[in-house]
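Structure at a glance
Chain residues, written in single-letter form:
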Amino acid sequence: LGREIQRLRRLVGDMQNMTSLESGRLQLDLAPLNLYSLVNETLDVVGFECEQVGITIHNEMLPTIPYVLADSDRVTQVLLNLLDNARRHTPDGGTITIGAKPDNQYLTVWISDTGTGIDPADLSHIFERFYRADPARSKSIGGSGLGLAIVDWLVRAHHGTLSVESDPGKGSTFT
């Protein structure tokens, strides 16, 4: 019963986030952000869970990457969502890698995993609300089907773009 309550709470929270995003009520608190430090703090949060199942996390981000103008809470939300998805879809003994590089006025950030990958037929739909690439499996590993839609909205709110490349059975890279 406890897990079902947690799932319902997470679903309600995701719905509230999505409603705020779509209505334009979400205000970003933009400030210079040291993404390198934020990523390390975020990896501290997910690292323990990954360690428990033998998933290795590599941070390829250099400490010298430039600061970005961003909302640290919302960027943390994006990172946690993408890293949690990578963890849930990466088998024991797999690897998750995060990195970044300057790209003109922007910073390109990626999260790669050696997980199950995404079927090419599903790739064009995964940022849609409530879309689940494998509905039968999604219930067993959790998720509301809103996480990637929220990530997409938050990235676009920061004037960025979100994309994914995936090779079924070999993993995915979200950029």
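The model shown is predicted, which means the values in this text are computed figures rather than measured ones.

In this section: the packing of helix α3 (residues 72-89) against helix α6 (residues 147-157). Where α3 contacts α6, the axes come no closer than 10 Å and their chain directions differ by 145°. As for how α3 packs across α6, the hand of that crossing is left-handed. Contacts between α3 and α6 involve Arg-74, Gln-77, Val-78, Asn-81, Leu-82 and Asn-85 from the first element and Gly-147, Leu-148, Ile-150, Val-151, Leu-154 and Val-155 from the second. Tallied by class, the residues present in the contact of α3 with α6 amount to seven nonpolar, four polar and one charged.

The next subject is the side chain of Thr-97. As for its position among the elements, Thr-97 is in strand β4 (residues 95-103). With near-sequence residues (within four places) excluded, Thr-97 lies in contact with His-58, Glu-60, Trp-110, Ile-111 and Ser-112.

Below, the discussion takes up the confidence of the model for the protein chain. Put simply, the protein chain has an average pLDDT of 83, and 76% of its residues get 70 or more. Counted against residues more than four places away or in other chains, residues 135-141, with its pLDDT under 50, gives seven contacts.

Now for the pattern of salt bridges. With the rule as written, the count across this model stands at five salt bridges. The partner of Glu-49 in a salt bridge is Arg-87, and the shortest N-O contact between them spans 3.1 Å. Taken together, the residues Glu-49 in helix α2 (residues 35-52) and Arg-87 in helix α3 connect sequence positions 38 residues apart. Taking relative accessible area as the criterion, Glu-49 reaches 38% and is therefore assigned partly exposed. Taking the relative accessible area as the measure of exposure, Arg-87 reaches 22% and is therefore partly exposed. In this structure, the salt-bridge partner of Arg-87 is Asp-84, at a minimum N-O distance of 2.5 Å. A residue pair is termed a helical-turn pair when its members lie 3 or 4 positions apart in one helix, as Arg-87 and Asp-84 do in helix α3 at three residues. A residue is classified by how much of its surface remains accessible, and Asp-84, at 24% relative accessible area, is partly exposed. A cluster of three or more residues bridged by salt bridges with shared partners is formed by Glu-49, Asp-84, Arg-87 and Arg-88.

It is worth spelling out the packing of aromatic side chains at this point. Using the criterion set out here, one finds zero aromatic pairs in the structure. If you follow Arg-156 out to its NZ or CZ, it ends over the ring of Trp-153, 5.0 Å from the centre.

Rules and cut-offs
- Residues numbered from 1 in each chain as written.
- Predicted model: local features only at pLDDT ≥ 70, side-chain atom pairs only at ≥ 80, totals over all residues.
- Heavy atoms only, no water.
- Axes fitted to C-alpha atoms, helices over the stretch in contact; angles between N-to-C directions.
- Helix = DSSP H or I, 4+ residues; strand = E, 2+ residues; numbered from the N terminus.
- Left-handed = near helix turned anticlockwise from the far one by under 90°.
- Contact = heavy atoms within 4.5 Å.
- Nonpolar A, V, L, I, M, F, W, Y, C, P; charged D, E, K, R; others polar.
- pLDDT = per-residue confidence, 0-100.
- Salt bridge = Lys/Arg side-chain N within 4 Å of Asp/Glu carboxyl O.
- Buried < 20%, exposed > 50% of the residue type's maximum accessible area, 1.4 Å probe, protein only.
- Phe/Tyr/Trp six-rings, centres within 6.5 Å; stacked < 30°, edge-to-face > 60°.
- Lys NZ or Arg CZ within 6 Å of the ring centre and 35° of its normal.

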